[in-house]
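What follows is the residue order along each chain.
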Amino acid sequence: MKKTYVILLLIFTVNPALLSAQIGDQSVTQQVLQELNRERTLLSQNLDFRIKEIDSKINNLDESIKNTNSAAEKVEKLVERVKFLEERQEEIDKNTVGVYKYNYSSAVLNLASMEREIKPLNLFNSSREFYSTLDKVSNPMNYEGYKEWFGNFKKYIEEEQEDDAKLAALNHIIGVTGDLAQGTPFTGMFAGTLFDGISQFVNSLGRRDREMKEKSLAMLKLTTTVSQFTHDKDLIETEWEAINKSLDELKELQNKAMKENLVNILGIDLKEFEQKFTNETDAKKRTQYILDISKVAENKIAEEKTKNPENWKQDYYDQMMTVQNLKIRFGTITFRILENLNKYEGLIQKYQNDKYLKDEMAQLKLKLNLVRNSFESTFNPQEYIKASNEMYVVE
């Protein structure tokens, strides 16, 4: 199942340069959001001050109205009170717009960052070694003495196949698959036919071939162990196919959201976005570009509020929820990847004391730790999901 290694590696193993770029992307988005939140906080603090000031004036008016006996003065003060209530509502509306400006900008910035988070990453050398070592463990030709012994076994098959249908079938399969040196997986029908052939070879050896018989029996045990290891490994690898499918679906949804928000709502050209953000290596330029986009998003909120004062919120709320769901889904996928990586730990433990595989398991354990550590240093699924759930402020 070599293609499953490629699926995993092309998606979520990272080289140092891209790891640095990814951290840079997080920093760029975080810096811009921090600046936007600072502005929003100042506005919120000013709002609180204005609300308290207006409430104080309203309370004074209420007290004055209560204590006056003049009908004309009461009417005048009531008109003034209505004016202050309108001012108060205007301030609250300003805060609502400010919160939506920040939240929608946050949605757009996080959506833009996902473009680089989902983008397939280059391979770590350690991960290459880990998956190539898995391949080696699954091929008995890589074990000492097996290749030489297999030559004798193959010769036996070729000589006896005319009188034995099973051996003829085995010889045919070996010819079709390019024999074991080509990495033919030891599973399914091939494994069963091979075991039968080796058993028959062992039983055909007489007392004078005692050394070859013992060697063949050891090779049969090795073949059986490697076959079971390959079966157990393949059970883990089936999950990579599902993960890859989920990532493809996520990317499709993210592309749709990018088009809807950047193109349809904000009027940003996607080719320009790729040039100035996705493919830009200068963090300062990315920061300025993403800051410019956030201002476009803010202006769009203000414009929509003016154009559609009654129902301006809904469309932007829906977009914000879409982005948040995408980020949570992305975090869930990274969690699935980490879980599947951890399954290899159980696989290694299962075979670490086997006399044929223990050396290979020790190597695999070291390389698995490198892959897992590099992944965890780049993606922290629980923190990512937590941050996604908390990405918006509440009015």
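Residues numbered from 1 in each chain as written. Predicted model: local features only at pLDDT ≥ 70, side-chain atom pairs only at ≥ 80, totals over all residues. Heavy atoms only, no water.

### Concerning the overall build of the chain
In step 1: Secondary structure summary: the chain contains 13 helices and zero strands in total.
In step 2: Reading the chain from its N terminus to its C terminus gives the helix and strand order α-α-α-α-α-α-α-α-α-α-α-α-α.
In step 3: Within the chain, residue pairs in contact and separated by at least 24 positions form 82% of the contacts whose partners lie at least 6 positions apart.
In step 4: Within the structure as shown, the chain displays about 21400 Å² of accessible surface, and the carbon and sulfur contribution to it stands at 49%. (Helix = DSSP H or I, 4+ residues; strand = E, 2+ residues; numbered from the N terminus. Contact = heavy atoms within 4.5 Å. Areas by Shrake-Rupley, 256 points an atom, 1.4 Å probe, with all protein chains shown as cover.)

### Examining the pattern of salt bridges
In step 1: Summed over all chains, the structure comprises 17 salt bridges.
In step 2: Put simply, Glu-53 and Arg-50 hold a salt bridge, and the shortest N to O gap is 2.5 Å. You can see Glu-53 and its partner Arg-50 sitting in helix H2 (residues 16-67), three residues apart, about one turn around the helix.
In step 3: Residues Glu-303 and Lys-300 are paired through a salt bridge, measuring 3.7 Å at the closest nitrogen-oxygen approach. (Salt bridge = Lys/Arg side-chain N within 4 Å of Asp/Glu carboxyl O.)

### As for the layout of surface pockets
In step 1: Quantified by volume, the largest pocket comes out at close to 550 Å³.
In step 2: Lining the largest pocket are 24 residues; nearest its centre among them are Gln-30, Asn-110, Lys-327, Tyr-384 and Ala-387.
In step 3: Those elements that provide at least two residues to the lining of the largest pocket are H2, helix H3 (71-118), helix H11 (313-351), helix H12 (358-378) and helix H13 (381-389).
In step 4: Among the elements that line the lining of the largest pocket, the one with the most residues is H2, at six residues.
In step 5: Of the residues in the lining of the largest pocket, the class split is six nonpolar, 11 polar and seven charged. (1 Å grid on protein atoms, 1.4 Å probe; cavity = no way out; pocket = protein on both sides within 12 Å on 5 of 7 lines; lining within 4 Å. Points joined across faces, edges and corners; volume = space filled by probe spheres on them. Nonpolar A, V, L, I, M, F, W, Y, C, P; charged D, E, K, R; others polar.)

### Section: the side chain of Ser-105
In step 1: Summarising the element assignment, Ser-105 is placed in helix H3.
In step 2: The class of Ser-105 is buried, set by a relative accessible area of 0%.
In step 3: A polar atom in the side chain of Ser-105 sits 2.8 Å from the backbone oxygen of Lys-101.
In step 4: Within the structure, the side chain of Ser-105 is placed 3.3 Å from the backbone oxygen of Ser-294, a separation counted as a polar contact.
In step 5: Setting aside residues no more than four positions away along its own chain, Ser-105 makes contact with Leu-36, Tyr-100, Ser-294, Ala-297 and Glu-298. (Buried < 20%, exposed > 50% of the residue type's maximum accessible area, 1.4 Å probe, protein only. Polar contact = N/O pair within 3.5 Å; in protein donor to acceptor, adjacent residues only side chain to side chain.)

### Regarding the packing of H3 against helix H10 (residues 283-307)
In step 1: Orientation of H3 relative to H10, taken along the N-to-C sense of each, is 140°, at an axis distance of 9 Å. The orientation of H3 relative to H10 falls into the category oblique. Relative to H10, H3 is oriented so that their crossing is right-handed. Here Val-97, Tyr-100, Lys-101, Tyr-104, Ser-105, Val-108, Leu-109, Ala-112 and Arg-116 of H3 lie close against H10, whose contacting residues are Arg-286, Ile-290, Ile-293, Ser-294, Ala-297, Glu-298, Ile-301, Ala-302 and Lys-305.
In step 2: Across the contact of H3 with H10, the residue classes break down as 11 nonpolar, two polar and five charged. (Axes fitted to C-alpha atoms, helices over the stretch in contact; angles between N-to-C directions. Parallel < 35°, antiparallel > 145°, perpendicular 65-115°, else oblique. Left-handed = near helix turned anticlockwise from the far one by under 90°.)

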